[in-house]
Amino acid sequence: MDPTVSMLSVLGIAILMIIVLSIKFRIHAFISLLAACFLIAFATGMPLDKIGKSIEVGMGGTLGFLAPILALGAIIGKMMEISGGAEKLSRTLINIIGKSRAAWAMMIVAYICGIPVFLQVGIVLLTPILFCVVKESKQPLVKIALAMTTALTVVHCIVPPHPAAMAIALALKADVGKVIFYGLLVGLPATALAGPVYGHFLSKNNDLEVPAQYSCVEPTPDEKLPAFGITLFTILLPLLMMIGKTIIELVGDKNAAYMPIVNFLGSPITALFLAAILSYYVMGLKRGFSLGDLAKKTESAMGPMATIILVIGAAGAFNRVILDSGIGDVLKAVLTAIQISPLIMAWVIAIVMRFAIGSATVAMMTSAGFITPVLAAYPSLDPALVAIAIGAGAIGASHVTDPGFWFVKESLGIPMNKMFTIYTGSTTIAAVIGLAGTLILAAIVG
């Protein structure tokens, strides 16, 4: 058998095994992904002493940067939850926009709240608010739910300081400020069409039922909620610090004595750490919580991250084994042999890897590695556009290999037979619109 066909067949069997183990046998994604790692390793003839090392490097490399980002995001999310910050944002925006357009208000809330927190954290944070909004507005659940989940997914993939968006911006040597700006430009219309618009279409014949545990959710009185302005500032602080660093680098002297301080304050870990400390004060201490209370809340915020971290780590190991086994080189050769625009190529690689691996984060980081050699032939192409194309591709094709797919299903109580139409369909629409927006933007900025 041709080596290329053989390698791709092994990858296909590994993906199929993940799907079967997840759906048929209901094996946890962590175990399923590790099983696929061993299958690929043995089938491609990897040396036995290299297999464990490859898995270790894959998990460590993926989690080394993501773990502190996840933890800090979880803290900010928990502070927003206990203080009612996210509820204040949603209620204020619904009052401004109107209950008849509650889905659009929920989309904006999710887009803002999703900036400092990981996808799963955003879902945990906003799900109770989602059902409050549904109850108050009497709008279809599927419409408002898609507005929330699509916004969280899109901002997760294309707007730094999210770990994957930041990682590919750095890997491609793209200007972070441009990536943020382009990401917002491309992401908003993609979110709007794949969220509220697509949700409105589905709600005509396919609405969802509110889960029993949320049917009696009551809104918090306004006087018990934090102020809108300080809540918004706390959430946006990491983004402002990142953009500030980029602006200073653009207009200032990169060798100036103050640049180490600017680089320190503008790093995602520092920015999120300072935002977490600020959230402790404005959403914790000022709301009447003691330091002991906040310690307990912090601990409770870390617990749910354990499973997410393990699945992301296993996805990173899966990615590493694909590369170390030689399948990565085969994929790169096949995909780069296609004579198409590098932006389309980056998008295709990302969505293929997203379908194959499941994790958008791992798919994006892998895609950046695949597309980088190709970019040498296109020196005039802005790498920020390539970063957006990769992010747009990683939004789509979410299915059973994606831990976020299961998280959305369980959090919102969506039946399995509707998940593909609702969430897989929405993410794929957003990915296609994101690609279109990237190509249009590239034509405008040259």
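Residues numbered from 1 in each chain as written. Predicted model: local features only at pLDDT ≥ 70, side-chain atom pairs only at ≥ 80, totals over all residues. Heavy atoms only, no water.

Each helix and strand counted, the protein chain has 20 helices and 0 strands in total. Its C-alpha radius of gyration of 21 Å places the protein chain within 12% of the 22 Å reference for a compact globule of 446 residues. Considered along the principal axes of its C-alpha atoms, the protein chain spans approximately 70 × 60 × 45 Å. Going through the 446 residues of the protein chain one by one, you find that 57% of them count as buried. Carbon and sulfur atoms form 68% of the exposed surface of the protein chain, whose accessible area is close to 17,800 Å². Each charge sign in the protein chain was given a centre, from 27 positive and 21 negative side chains, and these centres are 5 Å apart. (Helix = DSSP H or I, 4+ residues; strand = E, 2+ residues; numbered from the N terminus. Rg over C-alpha atoms; globule rule 2.2 N^0.38 Å. Buried < 20%, exposed > 50% of the residue type's maximum accessible area, 1.4 Å probe, protein only. Areas by Shrake-Rupley, 256 points an atom, 1.4 Å probe, with all protein chains shown as cover. Lys, Arg positive; Asp, Glu negative; His and termini not counted. Charge placed at Lys NZ, Arg CZ, Asp CG, Glu CD.)

Let's shift gears to helix H18 (residues 383–395). Taking 1.5 Å of rise per residue, 13 residues should cover 18 Å, and H18 covers 19 Å from first to last C-alpha, within 8% of that figure. Where burial is concerned, most of H18 is hidden: 12 out of the 13 residues are buried. Within H18 the residues assigned to the buried category are Ala-384, Leu-385, Val-386, Ala-387, Ile-388, Ala-389, Ile-390, Gly-391, Ala-392, Gly-393, Ala-394 and Ile-395. At the N-terminal boundary of H18, the capping side chain belongs to Asp-382, with an oxygen 2.9 Å from the backbone nitrogen of Ala-384. Phi turns positive, to about 60°, at Ala-397, one or two residues after H18. (Expected span 1.5 Å × (residues − 1). Polar contact = N/O pair within 3.5 Å; in protein donor to acceptor, adjacent residues only side chain to side chain.)

Taken as a whole, this structure holds 4 aromatic pairs when the rule is applied. Plain terms: the ring middles of Phe-38 and Phe-42 are 6.2 Å apart, the flat faces sit at 25° to each other, and that makes the pair stacked. With a gap of 4 residues between them, Phe-38 and Phe-42 both fall in helix H2 (residues 29–43), about one helical turn apart. On the basis of an interplanar angle of 40° and a centroid distance of 5.5 Å, the ring pair of Phe-405 and Phe-420 is categorised as tilted. Here Phe-420 lies in helix H20 (residues 416–445) and Phe-405 lies in helix H19 (residues 403–412), a separation of 15 residues in the sequence. (Phe/Tyr/Trp six-rings, centres within 6.5 Å; stacked < 30°, edge-to-face > 60°.)

As a further point, take the packing of H18 against H20. Between H18 and H20, the least distance of the axes is 7 Å, while the angle of their chain directions is 165°. By the angle class used here, H18 and H20 are roughly antiparallel. Here the hand of the crossing between H18 and H20 comes out left-handed. Contacts between H18 and H20 involve Leu-385, Ile-388, Ala-389, Ala-392, Gly-393 and Ile-395 on the former and, on the latter, Thr-427, Ala-430, Ala-431, Gly-434, Leu-435, Thr-438, Leu-441, Ala-442 and Val-445. Partitioning the contact of H18 with H20 into residue classes produces 11 nonpolar, 4 polar and no charged. (Axes fitted to C-alpha atoms, helices over the stretch in contact; angles between N-to-C directions. Parallel < 35°, antiparallel > 145°, perpendicular 65-115°, else oblique. Left-handed = near helix turned anticlockwise from the far one by under 90°. Contact = heavy atoms within 4.5 Å. Nonpolar A, V, L, I, M, F, W, Y, C, P; charged D, E, K, R; others polar.)

A few words on a nonpolar patch on the surface. Together, Ile-261, Phe-264, Leu-265, Phe-273, Leu-274 and Ile-277 give the surface a local cluster of nonpolar side chains, amounting to about 550 Å² of exposed area. At the level of elements, helix H11 (259–266) and helix H12 (268–283) are the ones that each hand at least two residues to the nonpolar patch. The residue Leu-274 is located in helix H12 in this model. Assessed through its relative accessible area of 33%, Leu-274 is described here as partly exposed. (Patch = residues over 30% accessible without salt bridge, like charges linked within 9 Å, V, L, I, M, F, W, Y side chains within 5 Å. Salt bridge = Lys/Arg side-chain N within 4 Å of Asp/Glu carboxyl O.)

Counting residues in hydrophobic clusters, the biggest one holds 115 residues, and the most contacted among them are Cys-113, Leu-126, Leu-130, Ile-371 and Ile-390. With 13 residues, the single largest contributor to this core is helix H7 (residues 141–158). Residues within four places of Cys-113 in sequence aside, it is in contact with Met-80, Ala-86, Leu-89, Leu-125, Leu-126 and Ile-235. Ile-18, Ile-40, Met-46 and Val-362 belong to the second-largest nonpolar core, a separate cluster that totals 29 residues. (Core = buried A, V, L, I, M, F, W, Y, C linked by side-chain atoms within 4.5 Å.)

Moving on: unusual backbone geometry. Its identity is not glycine, yet Ala-397 carries a phi of approximately 60°, on the positive side. With respect to the element layout, Ala-397 can be found in the loop between H18 and H19.

Below, the discussion takes up the pattern of salt bridges. All chains considered together, the criterion is met by 2 salt bridges. The salt bridge involving Lys-178 is made with Asp-382; its shortest N-O contact spans 3.3 Å. Note that Lys-178 is positioned in helix H9 (residues 176–203) and Asp-382 in the loop between helix H17 (360–375) and H18, a separation of 204 residues in sequence. Among the salt bridges present, the one from Asp-324 reaches Arg-320, with a minimum N-O distance of 2.9 Å. Here the residue Asp-324 and the residue Arg-320 both occupy positions in helix H14 (residues 305–324), the gap between them amounting to 4 residues, near one helical turn.

Coordinates in, geometry out; function isn't part of it.
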